[in-house]
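Observations on the three-dimensional arrangement
Take a look at the letters that make up each chain.
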Amino acid sequence: MKNLIRIRDLTVKFYTYEGVVHAIDDLELDIRQGETLGIVGETGSGKTMTALAILRLIPYPGKIESGSIIFFDTGLRREIDLLKLSEDKMRSIRGNKISMVFQEPGAALNPVFTIGNQISEVFLLHQRRELGKRAKEQVDRLLRDGDGFAAGIKRPFWRWQKRLYDKISQESNPFEPRFLSHVPLFRRLLWRLENESKLLTVDMLKDVEIPDAARVAIHYPHELSGGMKQRAVIAMALACSPELLIADEPTTSLDVTIQAQMLELFRRIKVEKGASVLFITHNLGVASEVCDRVAVMYAGSLCEVASVEELFLHPSHPYTKALLDAVPMPGKDLQTIPGALADPLNPPSGCRFHPRCPSAMPVCQQEKAKLKDISNDHMVACHLF
Amino acid sequence: MNTLIDIRKLKKHFPIAGGIFRRPVGAVKAVDGVSLAIKREQWLGLVGESGCGKTTLAKTTIRLLKPTSGHIYFDVPDEVKAEIERLDSQDGKNSTLTSLLKDNDLATFSGSRLRSLRRRAQLVHQDPFTSLDPRMRIKQIVAEPLRIHGILSDQSPEMAVRELLGRVGLSAAQLERYPHQFSGGQRQRIAIARALATKPEFIAFDEPTSALDVSVQAQILNLLKELKSEFGLTYLYITHELLIAESVCDYIAVMYLGKVVEMARPEEIFHKPLHPYSQSLVASTPVPDPKRRVGRIVLPGEVPSPANPPPGCTFNPRCSRASKECRELEPSLELVDNDHYVACFHPL
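Here goes a summary of the coordinates provided. This structure is a prediction, so every number in the text was calculated from the model and none was measured. (Residues numbered from 1 in each chain as written. Chains lettered and ligands numbered in written order. Predicted model: local features only at pLDDT ≥ 70, side-chain atom pairs only at ≥ 80, totals over all residues. Heavy atoms only, no water.)

**Describing the interface of chain A and chain B**
In this assembly, 40 residues from chain A lie in contact with 34 residues from chain B. Both faces combined, the contact of chain A with chain B buries some 3300 Å², and carbon together with sulfur accounts for 57% of it. At the surface where chain A touches chain B, the tally comes to zero salt bridges. The interface formed by chain A and chain B contains 11 residue pairs in polar contact (both at pLDDT 80 or more). Only helix H9 (226–238), helix H10 (256–273), helix H11 (284–290), helix H12 (308–313) and helix H13 (318–325) of chain A provide two or more residues apiece to the side of chain A that touches chain B. The element that contributes the greatest number of residues to the side of chain A that touches chain B is H10(A), accounting for nine residues. The residue inventory of the side of chain A that touches chain B, partitioned by class, reads 21 nonpolar, 12 polar and seven charged. (Contact = heavy atoms within 4.5 Å. Buried area = accessible area lost by both parts, 1.4 Å probe. Salt bridge = Lys/Arg side-chain N within 4 Å of Asp/Glu carboxyl O. Polar contact = N/O pair within 3.5 Å; in protein donor to acceptor, adjacent residues only side chain to side chain. Helix = DSSP H or I, 4+ residues; strand = E, 2+ residues; numbered from the N terminus. Nonpolar A, V, L, I, M, F, W, Y, C, P; charged D, E, K, R; others polar.)

Below you can see the structure in the form of structure tokens.
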């Protein structure tokens, strides 16, 4: 299987007044085609930053210092380094080939637009050409049949309107100039265009199992419950059938029963749409439910990557072990990890986990361990191996 | 073990105002007829989804909210409760009953009586980022309950505060700091120290670890365990995570839409749930064990609004076993097994 995303030596730093925050440190991670890769870790471990780096949305004062993120575009069948793309090209990838579901569905939606409006915006932005073709066919048919009257179009400067219409619709991207919406014939075309996108939106909402989708599409975000909002956000992310869907803690603000519905939805999406999913969570239980492979991060660096069964049944990195022991389970004593999370302003030397590690060796203080294959599909960054 | 807190048919309704005159047009039935007994030195877990009335129940229990109806007995002997019960069943006004209630029923308390209760019952809030005053130093925060209740009024509270902070694992060097200088876990420790200041018998925890990371959560839970055995405390622990309740609590009550639907020991809730809601709650709790991925029950729909609950059993629109009976009659909480209560017509 080919790797959809190949992250190599990624380093992200934040230049703050207090000093340089090492958000991500020499990260190496692959996302394979059609898999769900989970990233787990505690607050400040760099999970979200990894996702934002893929989309090149690292907020100020953060900067991607070095490294490469190679994205394999299945449509074009070639590899692109996302970090070297121009901002324009990046925009055509964001929301189209790589899309993201954010943590708080209430904050991700704009409160002053309806759900349908916000989802159809994705179609109007990324699939304008296809929609435009369909809309033009309809208008062409009406023009042919009734010479303009059937379309109910006002006819001042009719010849001029038609000539403009013929000329502009030959162009590669015909619906861009704003002033065209003042020309009656084009206004008709734009209506059809928007109508097409609304139909697609309702289909999309049905796809994420929203009951009564046509009615929900004209609702504002505050009229929906948390679970419904999250479904709408997922619909928006899936609108352009992305190759990679990044979900940043999509179930954290939801109740368990709604969370279970969401996890079911994610599992179905992966099977039906064949999209790869990067699933970020701090809940190890959730990770074990939906993921095929899981990566564990601590203080900006990767500790361990393995298939779900491998990771949960044979955790190898001391941090992974400690994290699993800290999860409350019936009939088990809770183990705590001594010490506090590494200070991102001046992280410990060598392995980031060594001050809290029960099996730390002298070498851990000096050198950061490289990611090593220890068994089939199981990589660990630890000097023990 | 005797009973410390006995809640009988407690109701808390919040009125909804409407119309030009803002007259009440309805009520949000946050807690709707809950009976619950908390034994001394018990760690009772209260589990349920958001909006089911867990927090309202806890706040009403320690009288931060005045209940609409019902009785709350805090450390009242059984004979007195029986006497009240007997008088209550008789008709007409009864002066003995009124005076008994005034002396024993927390629901009727006010003023100084309430203040003396608050010394004995404390609350730790959900979000440690909003429950501490950002303009107060840590020593002031922890000393505030001592000041209000007039404990140690003759001497400086410094020593007591030092001791409390030491007990929850913070150093004395941090006394002069402000809350923003602490991490989430440390703030929750400060909130716990503040709750311990008056040497209470009972502490209610409102999701104390939901804002914290797993490893910090484990530290806090272990701290609570130590404190409980050290001071002989009684806990009411609210959580929406079943796994936490299973691993630390002695007894669990499952709430749904303002009502307790099942009460049992944790092993029984986890392995032998009787109410369909508890069953689906157990099944939809993600467990970090890839072998346990099978047999999930995904509940359809969402929790109905507590302002307009469905008739009959409130769970019936989402229940797979719902029958005609469930849509018309309301099941009451009944004892089915040793310490196992369930409110369902068709238990599993």
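Picking up where we left off.
**Some points on the side chain of A:Glu289**
Here A:Glu289 is to be found in helix H11. There is a polar contact of 3.5 Å between the side chain of A:Glu289 and the side chain of A:Arg267.

**Section: the sheet that holds strand S3 (residues 43–47) of chain B**
Think of a sheet as strands paired side by side through backbone hydrogen bonds, with each pair either parallel or antiparallel. All names here are of chain B. With mixed pairing, eight strands are arranged side by side in an open sheet as S5-S6-S7-S3-S8-S9-S11-S10. On the outer flanks of this sheet lie strand S5 (121–124) and strand S10 (334–337), each paired with one strand and no other. Each neighbouring strand pair of the sheet contributes to a mean axis angle of 25°, computed without reference to strand direction. Packed onto the sheet, helix H1 (residues 54–61) meets S3, S5, strand S6 (202–206), strand S7 (234–239) and strand S8 (251–256) and runs at close to 155° relative to S7. (Pairing = 2+ DSSP bridges. Axes fitted to C-alpha atoms, helices over the stretch in contact; angles between N-to-C directions.)

**Some words on the pattern of salt bridges**
Pairing is possible between side chains that carry opposite charge, provided their charged atoms lie close to one another. Residue and element names in this part refer to chain B. Enumeration according to the criterion identifies 46 salt bridges over all chains in this entry. Of the charged contacts, one joins Glu-176 and Lys-139 as a salt bridge, the two residues approaching to 3.0 Å between their closest N and O atoms. Linking Glu-176 in the loop between helix H6 (158–167) and helix H7 (184–196) with Lys-139 in helix H5 (residues 138–148), this pair joins segments that are 37 residues apart in sequence. Judged by relative accessible area, Glu-176 falls into the partly exposed class, the value being 38%. Between Arg-167 and Glu-226 there is a salt bridge, with its nearest N and O atoms 3.5 Å apart. (Buried < 20%, exposed > 50% of the residue type's maximum accessible area, 1.4 Å probe, protein only.)

**Examining the sheet that holds strand S2 (residues 23–39) of chain B**
Residues and elements named next belong to chain B. An order of S2-S1-S4 is seen for the three strands of this open sheet, with the pairing classed as antiparallel. Of all strands in the sheet, those with a lone pairing partner are S2 and strand S4 (69–74), marking the two edges. On average, each strand axis in the sheet is inclined to that of its neighbour by 20°, with strand direction left out of account. Relative to S2, strand S1 (residues 3–18) runs antiparallel, the two sharing 13 bridges. Among the inter-strand pairings, Ile-16 is bridged to a residue of S2, identified as Gly-26.

**Thoughts on H13(A)**
Counting buried residues along H13(A), six of its eight residues qualify, which places the element largely inside the surrounding structure. Structurally, H13(A) contributes buried residues whose contacts are with H11, strand S9 (293–298), strand S10 (301–307) and H12 of chain A together with helix H8 (214–231) of chain B.

**Quick notes on the packing of helix H6 (residues 158–168) of chain A against helix H7 (residues 184–207) of chain A**
All names here are of chain A. Viewed as axis vectors pointing N to C, H6 and H7 meet at an angle of 45°, and their least axial separation amounts to 9 Å. Taken together, the axes of H6 and H7 are oblique relative to one another. Here Trp-158, Gln-161, Lys-162, Leu-164, Tyr-165 and Ile-168 of H6 lie close against H7, whose contacting residues are Pro-184, Leu-185, Phe-186 and Leu-189. Residues belonging to the contact of H6 with H7 are distributed by class as follows: eight nonpolar, one polar and one charged. (Parallel < 35°, antiparallel > 145°, perpendicular 65-115°, else oblique.)

**Thoughts on the packing of aromatic side chains**
Residue and element names in this part refer to chain B. One pass over the full model with this rule turns up 12 aromatic pairs over all chains. On the numbers, 5.3 Å between centres and 65° between planes, the contact of Tyr-277 with Phe-315 is edge-to-face. With Tyr-277 in helix H11 (residues 276–284) and Phe-315 in the loop between H11 and helix H12 (324–328), this pair connects stretches of sequence that are 38 residues apart. The class of Tyr-277 is buried, set by a relative accessible area of 0%. Assessed through its relative accessible area of 1%, Phe-315 is described here as buried. (Phe/Tyr/Trp six-rings, centres within 6.5 Å; stacked < 30°, edge-to-face > 60°.)

**Topic: helix H3 (residues 95–104) of chain B**
The α-helix winds at 3.6 residues per turn, so residues separated by three or four positions along the chain end up facing the same way. All names here are of chain B. Where H3 is concerned, the buried positions are Leu-97, Leu-100, Leu-101 and Asn-104. Buried residues of H3, viewed axially, fall in a sector of 100°; they line one side. In H3, the exposed positions that point more than 90 degrees away from the buried face belong to Ser-95 and Lys-102. Residues of H3 that are buried in the fold lie against S4 and helix H2 (78–89). (Arc of directions from axis to C-beta.)

**Quick look at a nonpolar patch on the surface**
Together, A:Ile374, A:Leu384 and A:Phe385 make up a nonpolar patch on the protein surface, roughly 240 Å² of accessible area in all. With respect to the secondary-structure elements, A:Leu384 resides in the segment after strand S12 (378–380). (Patch = residues over 30% accessible without salt bridge, like charges linked within 9 Å, V, L, I, M, F, W, Y side chains within 5 Å. Areas by Shrake-Rupley, 256 points an atom, 1.4 Å probe, with all protein chains shown as cover.)

**Describing unusual backbone geometry**
Cis geometry marks the peptide bond from A:Tyr60 to A:Pro61; its omega dihedral reads 0°. Secondary-structure assignment places A:Pro61 in the loop between helix H1 (47–54) and strand S4 (62–73). Although it is not a glycine, B:Glu41 sits at a positive phi angle of roughly 60°. On the basis of relative accessible area, B:Glu41 is assigned to the partly exposed category, the value being 45%. One non-glycine residue with positive phi stands out, namely B:Arg63, at about 60°. By secondary structure assignment, the location of B:Arg63 is in the loop between H1 and S4. We classify B:Arg63 as buried; its relative accessible area is 7%.

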